[in-house]
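# An overview of the molecular structure
So the chains spell out like this:
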Amino acid sequence: SAVISQKPSRDICQRGTSLTIQCQVDSQVTMMFWYRQQPGQSLTLIATANQGSEATYESGFVIDKFPISRPNLTFSTLTVSNMSPEDSSIYLCSVGQGSSYEQYFGPGTRLTVT
Amino acid sequence: TQLLEQSPQFLSIQEGENLTVYCNSSSVFSSLQWYRQEPGEGPVLLVTVVTGGEVKKLKRLTFQFGDARKDSSLHITAAQPGDTGLYLCAGGHYKLSFGAGTTVTVRA
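Here's what I pulled together on the structure shown here.

## Let's talk about the sheet that holds strand E6 (residues 55–58) of chain B
All names here are of chain B. Here we have 5 strands laid out as an open sheet, ordered E1-E3-E8-E7-E6, and antiparallel in their pairing. Looking at strand neighbours, the two that pair on one side only are strand E1 (5–7) and E6, the edges of this open sheet. Shown here is a sheet whose adjacent strand axes are inclined to one another by a mean of 15°, direction ignored. For E6 and strand E7 (residues 61–65), the ladder comprises 4 bridges, and the chain directions are antiparallel. Paired with Lys56 across the two strands is Phe63, which belongs to E7.

## Quick word on the state of the cysteines
Residues and elements named next belong to chain A. Evaluation of the coordinates by the stated rule reveals 2 disulfides over all chains. Note that Cys23 is cross-linked by a disulfide to Cys93, the S-S spacing being 2.0 Å. On the sign convention where negative means left-handed, the S-S torsion of about 65° between Cys23 and Cys93 marks this disulfide as right-handed. Taken together, the residues span a long stretch of sequence, with Cys23 in strand E3 (residues 19–25) and Cys93 in strand E9 (residues 89–96) at a distance of 70 residues. You can see Cys13 has no disulfide; the closest cysteine sulfur is in Cys93, sitting 18 Å from it. On the accessibility criterion, Cys13 (9% relative accessible area) is buried.

## Describing the side chain of A:Ser89
Turning to its location among the elements, A:Ser89 is positioned in strand E9. Residue class for A:Ser89 comes out buried when judged on its relative accessible area of 4%.

## Topic: the environment of A:Cys93
Residues and elements named next belong to chain A. The class for Cys93 is buried, based on a relative accessible area of 1%. In this structure the C-alpha to C-alpha distance between Cys93 and Cys23, which are 70 residues apart in sequence, comes to 6.5 Å. If we skip the residues at most four places from it in the chain, Cys93 touches Ile4, Gln6, Cys23, Phe33, Trp34, Tyr104, Phe105 and Gly106.

## Some thoughts on the side chain of B:Thr48
Tracing the backbone shows B:Thr48 in strand E5 (residues 44–49). Residue class for B:Thr48 comes out buried when judged on its relative accessible area of 8%. Excluding its chain neighbours within four sequence positions, the residues that come into contact with B:Thr48 are A:Tyr101, A:Glu102, B:Ser31, B:Leu32, B:Gln33 and B:Lys56.

## Here we look at the pairing of strand E5 (residues 43–49) of chain A
Residues and elements named next belong to chain A. Most of E5 sits out of view: 6 of its 7 residues are buried. Two successive antiparallel strands, strand E4 (residues 31–37) and E5, enclose a turn made up of 5 residues, where Gly40 displays a positive phi of approximately 70°. As paired elements, E5 and strand E6 (residues 56–57) share 2 bridges and run antiparallel to each other. For Thr48, the partnering residue across the bridge sits in E6 and is Thr56. As consecutive antiparallel partners, E5 and E6 are separated by 6 residues, and within that stretch Gly52 has a phi angle of approximately 80°, a positive value.

## Quick word on the interface of chain A and chain B
Residue-level contacts link 22 residues of chain A with 22 residues of chain B. With both chains or domains summed, chain A and chain B bury close to 1,600 Å², and 57% of this area falls on carbon and sulfur atoms. One salt bridge connects A:Glu58 with B:Lys95, and the closest N-O pair in it is separated by 3.1 Å. Across the contact surface, chain A and chain B share 5 residue pairs in polar contact (both at pLDDT 80 or more). Residue contributions to the side of chain A that touches chain B peak at 4 residues, all from E4(A).

Calculation rules
- Residues numbered from 1 in each chain as written.
- Chains lettered and ligands numbered in written order.
- Predicted model: local features only at pLDDT ≥ 70, side-chain atom pairs only at ≥ 80, totals over all residues.
- Heavy atoms only, no water.
- Pairing = 2+ DSSP bridges.
- Helix = DSSP H or I, 4+ residues; strand = E, 2+ residues; numbered from the N terminus.
- Axes fitted to C-alpha atoms, helices over the stretch in contact; angles between N-to-C directions.
- Disulfide = S-S within 2.5 Å.
- Buried < 20%, exposed > 50% of the residue type's maximum accessible area, 1.4 Å probe, protein only.
- Contact = heavy atoms within 4.5 Å.
- Buried area = accessible area lost by both parts, 1.4 Å probe.
- Salt bridge = Lys/Arg side-chain N within 4 Å of Asp/Glu carboxyl O.
- Polar contact = N/O pair within 3.5 Å; in protein donor to acceptor, adjacent residues only side chain to side chain.

What follows is the structure, given as structure tokens:
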């Protein structure tokens, strides 16, 4: 399976600011996804990061709040914009390959907004 | 959105005991995956099941996919403290829908 790293691993940010989270994979992958895990809760898919085109967002998530880039097959970024305390969560990227059902997750970025 | 319900929400057992976690839905899934997540880490994939009635074994862990592909179970035999963690089931292809998770604590 691919080795996935995320930066930063954690951050504490003030409300109204923005944070960009990076996801780096050690090999080319077809699919990249971004999930949110709020405190004590399960994972919710934010969007699919599409290489060379705009991300595909799930219901309840919009590009203005969570802009995503995917410049190539090994790298993606998620920005959390104009943050509020409700954005305090763990943000996780995952990757999948071709027609495989399997997804592999990065270690996550723990974000606290004060 | 396809919903997955997991039960129980919490499970605390003594080392050496057996446990079963359930994952149920009213929807049919093309595949179902089980993950284990430890504090401060991302979920780690344990198994993927795709065929109705399928049974997969991973050492002391046994995974079963229902005949109708709407439910699944995870059974751990002779649990050890290292099995402690949050167990998550997830269904779908590409876009995964996750259950709420079962927090398992195995006491030494």
